[in-house]
Amino acid sequence: MRTGWVRRALVVPALACAVLVTSPSAASAAFAARAAAPLTVGTATVAPATAPTTAGSTACVLSLTTSYTVRISWTASTTARVTGYVVTETVNGVARAPVTLAGTSAQRAATKPALQTATHAFSIVARTDYGWTAVPATVTFRC
């Protein structure tokens, strides 16, 4: 009965060694040659709106004008797929909420106290349908 136990005790380690010796090892590979190809990366920029103007705005007389209209217009961006323009107006240093426009002009009625000036600065940014934007075109109107 003792010999059966010893035999079993020797068979288990022998089978474990046989499995380790006969099992396949991990695959590996080495590359001896390299190939280099020229790589060029093109970048595109979105053309900005050009020639922003406030032509057509109300002519202001400092002491008399309290209500006036500010008109802005610009030449469209030449980049394909421009879907609109984000226009941000700042009045006397205070920015208003940006407005997205499909066209190339806008106007706004404004008021100011008599004997005071109001400076309107506009930033016009072209935006494409894929989310790229141009550098801003700017124009200022003072009343």
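Conventions we followed
- Residues numbered from 1 in each chain as written.
- Predicted model: local features only at pLDDT ≥ 70, side-chain atom pairs only at ≥ 80, totals over all residues.
- Heavy atoms only, no water.
- Pairing = 2+ DSSP bridges.
- Helix = DSSP H or I, 4+ residues; strand = E, 2+ residues; numbered from the N terminus.
- Buried < 20%, exposed > 50% of the residue type's maximum accessible area, 1.4 Å probe, protein only.
- Disulfide = S-S within 2.5 Å.
- Core = buried A, V, L, I, M, F, W, Y, C linked by side-chain atoms within 4.5 Å.
- Salt bridge = Lys/Arg side-chain N within 4 Å of Asp/Glu carboxyl O.
- Phe/Tyr/Trp six-rings, centres within 6.5 Å; stacked < 30°, edge-to-face > 60°.
- Axes fitted to C-alpha atoms, helices over the stretch in contact; angles between N-to-C directions.

Before going further, it helps to spend a moment on the pairing of strand E2 (residues 67-75). Of the pairings in the sheet, the one linking strand E1 (residues 50-53) to E2 comprises two bridges and is antiparallel in character. From the neighbouring strand, Thr-50 faces E2, where its bridge partner is Thr-75.

Assignment of secondary structure puts Ile-124 in strand E7 (residues 119-128). Residues Ile-124 and Val-87, 37 residues apart in the sequence, show an inter-C-alpha distance of 4.6 Å.

Right, let's get into the pairing of strand E8 (residues 137-142). The side chains of a regular strand alternate between the sheet's two faces. Burial of the side chains of E8 is restricted to one face: Ala-137, Val-139 and Phe-141 are buried, whereas none of Thr-138, Thr-140 and Arg-142 on the reverse face is. Where E7 meets E8, six bridges bridge the pair, whose relative direction is antiparallel. Bridging across to E8, Ile-124 finds its partner in Ala-137.

Here we come to the state of the cysteines. In a disulfide, the sulfur atoms of two cysteines are held together by a covalent bond. Counting across every chain of the model gives one disulfide. Paired through a disulfide, Cys-60 and Cys-143 show a sulfur-sulfur distance of 1.8 Å. In this structure the cystine formed by Cys-60 and Cys-143 twists about its S-S bond by roughly -100 degrees; its chirality is therefore left-handed. Pair noted here: Cys-60 is in the loop between E1 and E2 and Cys-143 is in the segment after E8, with a separation of 83 residues, a long-range link. Given a relative accessible area of 25%, Cys-60 falls into the partly exposed group.

The biggest cluster of nonpolar side chains holds 18 residues, and the ones touching the most others in it are Tyr-68, Ile-72, Trp-74 and Ile-124. For this core, the secondary-structure elements that each account for two or more residues are E2, strand E3 (82-91), E7 and E8. At four residues, E2 tops the list of elements feeding residues into this core.

For the rest of this paragraph, the subject is the pattern of salt bridges. Tallied over the entire structure, the rule returns three salt bridges. Between Asp-129 and Arg-81 there is a salt bridge, with its nearest N and O atoms 3.0 Å apart. Of the two residues, Asp-129 sits in the loop between E7 and E8 while Arg-81 sits in the loop between E2 and E3, which places them 48 residues apart along the sequence. Since its relative accessible area comes to 47%, Asp-129 is described here as partly exposed. The closest approach of N and O atoms between Arg-108 and Glu-89, which form a salt bridge, is 2.8 Å. Here Glu-89 lies in strand E3 and Arg-108 lies in strand E6 (residues 105-111), a separation of 19 residues in the sequence.

Turning next to the packing of aromatic side chains. Any two aromatic rings considered together are summarised by their centre-to-centre distance and by the angle between their planes. For the structure on display, the rule yields three aromatic pairs. Geometrically, the ring pair formed by Trp-74 and Tyr-85 is edge-to-face, given 5.5 Å between the ring centres and 65 degrees between the ring planes. Here Trp-74 is found in strand E2, whereas its partner Tyr-85 is found in strand E3, with 11 residues between them in sequence. Accessibility classification places Trp-74 together with Tyr-85 in one group, the buried group.

Spatial strand order, E1-E2-E6: three strands in an open sheet with antiparallel pairing. The sheet is open, and its two borders are formed by E1 and E6, each paired with just one other strand. Taking the axes of each pair of neighbouring strands and ignoring which way they run, one obtains an average angle of 15 degrees across the sheet.

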